[in-house]
Amino acid sequence: MFEGSYLGDASALRPDSRLECKICWWVYDPALGDPQWGIPPGVPFAGLPPHWRCPVCDGERDQFMLVTSS
């Protein structure tokens, strides 16, 4: 397990949580959405469709880690 992994537990995520792909380091930010997948701004990570994958490396959702503010 990677530190920051949410392990697929959507209840561990806030609506504004940002998550980073541990394969390519792309960050999903709900404030921006994901234009490649047609996800509008405001959609939380937990609200992404089940078939959604990283738009950069095609990694699965469980390959994402919670980005913590320092």
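Treat the numbers as computed from the prediction; the structure is a model and nothing was measured.

**Student:** How would you summarise the state of the cysteines if you had to cite specific residues and measurements?
**Tutor:** Considering all chains together, one arrives at zero disulfides under this definition. No disulfide involves cysteine 54; its sulfur sits 3.6 Å from the nearest other cysteine sulfur, which is in cysteine 24. Given a relative accessible area of 3%, cysteine 54 falls into the buried group. Cysteine cysteine 57 shares no disulfide, and the gap to the nearest cysteine sulfur, in cysteine 21, comes to 3.6 Å. Since its relative accessible area comes to 29%, cysteine 57 is described here as partly exposed.

**Student:** Please provide a residue-by-residue account of the sheet that holds strand β2 (residues 27-28), values included.
**Tutor:** Ordered in space as β2-β1-β3, the three strands form an open sheet in which the pairing is antiparallel. Unpaired on one side and paired on the other, β2 and β3 (64-66) mark the two borders of the sheet. By the bridge criterion, three bridges tie strand β1 (residues 19-21) to β3 in an arrangement that is antiparallel. Across the sheet, the residue bridging to glutamate 20 is methionine 65, located in β3.

**Student:** Requested: an account of the pattern of salt bridges, with residues and values cited.
**Tutor:** Taken as a whole and assessed by the stated rule, the structure comprises four salt bridges. A salt bridge links arginine 53 to aspartate 58; its shortest N-O distance comes to 3.0 Å. For aspartate 58, a relative accessible area of 45% corresponds to the partly exposed category. Residue arginine 53 pairs with glutamate 60 through a salt bridge whose shortest N-O separation is 3.5 Å. Overall, glutamate 60 belongs to the partly exposed group, its relative accessible area being 42%.

Cut-off values and rules
- Residues numbered from 1 in each chain as written.
- Predicted model: local features only at pLDDT ≥ 70, side-chain atom pairs only at ≥ 80, totals over all residues.
- Heavy atoms only, no water.
- Disulfide = S-S within 2.5 Å.
- Buried < 20%, exposed > 50% of the residue type's maximum accessible area, 1.4 Å probe, protein only.
- Pairing = 2+ DSSP bridges.
- Helix = DSSP H or I, 4+ residues; strand = E, 2+ residues; numbered from the N terminus.
- Salt bridge = Lys/Arg side-chain N within 4 Å of Asp/Glu carboxyl O.

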